[in-house]
Structure formats: structure tokens, C-alpha cells
Amino acid sequence: MSIGTNVAEFNDINVTPLTDVFLVLLVIMILIAPLIDKSELKIKPPETQHAKKDDASKGIFIDIDKDGQLAINGRAIKSDDPALIQAKIEEFLRNAGKRDVACTVNADAECKEREVVDVMTAAAAAGIKRMRVATIQSSNY
């Protein structure tokens with residue numbers, strides 16, 4: 001009698017572990033899929049009919065139009081580079097001689113939220129501690 005003649009051969013693949021792995025991956029994809037669509041900020045600023053305008057000498061006013069063009073206190077900036085925006089804000093702070101000024105971002109309703117976030121990031125990097133996004137003036141009275 002020889003040893004090993006009673007050993008049965010397995011010719012079938014056990015798919016149970018493979019199925020378990022696929023089910024875990026499916027659950028992970030179901031949980032992550034809704035988060036992928038959140039890549040763009042969807043912010044609708046409030047509208048107002050009678051808003052008080054701030055004094056331009058009290059802070060920095062950054063205007064963003066629908067094409068993404070920037071203006072700091074009425075002076076246009078020809079670049080959308082956050083480093084240049086930060087440099088212009090720092091230059092304004094040096095010329096004003098103040099460090100504790102408020103920054104107001106006046107954004108057009110049709111501008112991209114990325115541009116507003118870039119401006120706010122550059123202002124924070126320049127040392128601005130107080131910042132706000134101004135409301136849009138409604139033309140309906």
C-alpha cells in the first residue's frame with residue numbers, strides 16, 4: 001500500500017473569499033461615490049436691496065468680476081496668480097501702515113468660486129485677520 005493514494009484532488013476554485021473582497025469593495029465605492037461630486041463649491045451669496053457701503057479708507061476692497069478680473073481698491077490686477085495677489089495685498093498693507101485692516105471681497109454672482117477662494121487664501125497668507133464676502137446688490141426695488 002502506498003502512501004498518498006487516498007488524497008483527493010481539488011479541481012474547483014473556492015470563490016467565497018473572492019466574493020467577500022468584491023462585496024467590501026462595492027460597499028466602499030457606494031460610500032465614497034457621493035463625496036466625489038462635491039469637488040466644486042456651490043455657493044449662492046445672499047442678495048440685498050439696501051446695503052450700507054463701507055468707507056474705502058478703512059480696509060481693502062477686492063472686486064472680482066464675472067470674467068475673473070481682479071481689482072484691489074479700484075486698481076486692476078492683470079494676473080490670477082495667488083502669489084501676485086498676496087504681494088499686492090502686502091504692498092497695500094505696507095503703504096497703509098496698518099496691519100489690522102478688514103478685507104471685503106466683492107464677487108460677481110457669475111464668477112467662479114475658485115477665484116473667490118484663491119483671493120481669500122492670498123489675503124489670509126498676507127496677514128489679513130478679518131475678512132468677509134460682501135452681498136450682491138439687487139437691482140429690484
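Presented here is an overview of the structure given in this document.

Here is what the cut-offs are and how they apply
Residues numbered from 1 in each chain as written. Predicted model: local features only at pLDDT ≥ 70, side-chain atom pairs only at ≥ 80, totals over all residues. Heavy atoms only, no water. Helix = DSSP H or I, 4+ residues; strand = E, 2+ residues; numbered from the N terminus. Buried < 20%, exposed > 50% of the residue type's maximum accessible area, 1.4 Å probe, protein only. Contact = heavy atoms within 4.5 Å. Areas by Shrake-Rupley, 256 points an atom, 1.4 Å probe, with all protein chains shown as cover. Pairing = 2+ DSSP bridges. Axes fitted to C-alpha atoms, helices over the stretch in contact; angles between N-to-C directions. Expected span 1.5 Å × (residues − 1). Arc of directions from axis to C-beta. Patch = residues over 30% accessible without salt bridge, like charges linked within 9 Å, V, L, I, M, F, W, Y side chains within 5 Å. Salt bridge = Lys/Arg side-chain N within 4 Å of Asp/Glu carboxyl O.

## Notes on the overall build of the chain
Counting its secondary structure elements, the chain contains three helices and seven strands. Each helix and strand of the chain, ordered N terminal to C terminal, gives the series α-β-β-β-β-α-β-α-β-β. Of all 141 residues assigned to the chain, the portion counted as buried reaches 23%. Long-range pairs, those at least 24 residues apart, make up 71% of the contacts in the chain with a sequence separation of at least 6. Entry remark: accessible area of the chain is about 11000 Å², with carbon and sulfur atoms responsible for 58%.

## Considering the sheet that holds strand 5 (residues 102-107)
Spatial strand order, 4-3-2-5-6: five strands in an open sheet with mixed pairing. Each end of this open sheet is capped by a strand with a single partner; those strands are strand 4 (75-77) and strand 6 (130-133). Neighbour to neighbour, the strand axes of the sheet diverge by 20 degrees on average, direction disregarded. The pairing of strand 2 (residues 59-64) with strand 5 spans six bridges and is parallel. Bridge pairing in strand 5 links Asp 63 to Asn 106. Lying on the sheet, helix 2 (residues 82-96) is in contact with strand 2, strand 3 (70-72) and strand 4; it crosses strand 2 at an angle near 150 degrees.

## Things to note about helix 3 (residues 113-126)
In this model helix 3 runs 20 Å from its N-terminal to its C-terminal C-alpha over 14 residues, within 8% of the 20 Å that 1.5 Å per residue would give. All buried positions along helix 3 are accounted for by Glu 115, Val 116, Val 119, Ala 122, Ala 123 and Ala 126. One side of helix 3 holds all its buried residues, which, seen down the axis, span an arc of 130 degrees. In this structure, the buried residues of helix 3 make contact with strand 2, strand 3, helix 2, strand 5 and strand 6. Positive backbone phi, approximately 110 degrees, marks Gly 127, located one or two places after helix 3.

## Observations regarding the environment of Val 119
Residue position: Val 119 is located in helix 3. The class for Val 119 is buried, based on a relative accessible area of 1%. Once the C-alpha coordinates of Val 119 and Asp 80 are considered, the two residues, 39 residues apart in sequence, prove to be 8.9 Å apart. Setting aside its immediate chain neighbours within four residues, Val 119 contacts Ile 62, Ile 64, Leu 70, Ile 85 and Val 105.

## Here's the deal with a nonpolar patch on the surface
Taken together, the side chains of Ile 13, Val 15, Leu 18, Val 21, Phe 22, Val 24, Leu 25, Val 27, Ile 28, Leu 31, Ile 32 and Ile 36 define a hydrophobic patch exposed on the protein surface, amounting to about 1200 Å² of accessible area. Take Val 21: its relative accessible area is 46%, and that puts it in the partly exposed class.

Interpretation in functional terms is not warranted from these geometric data alone.
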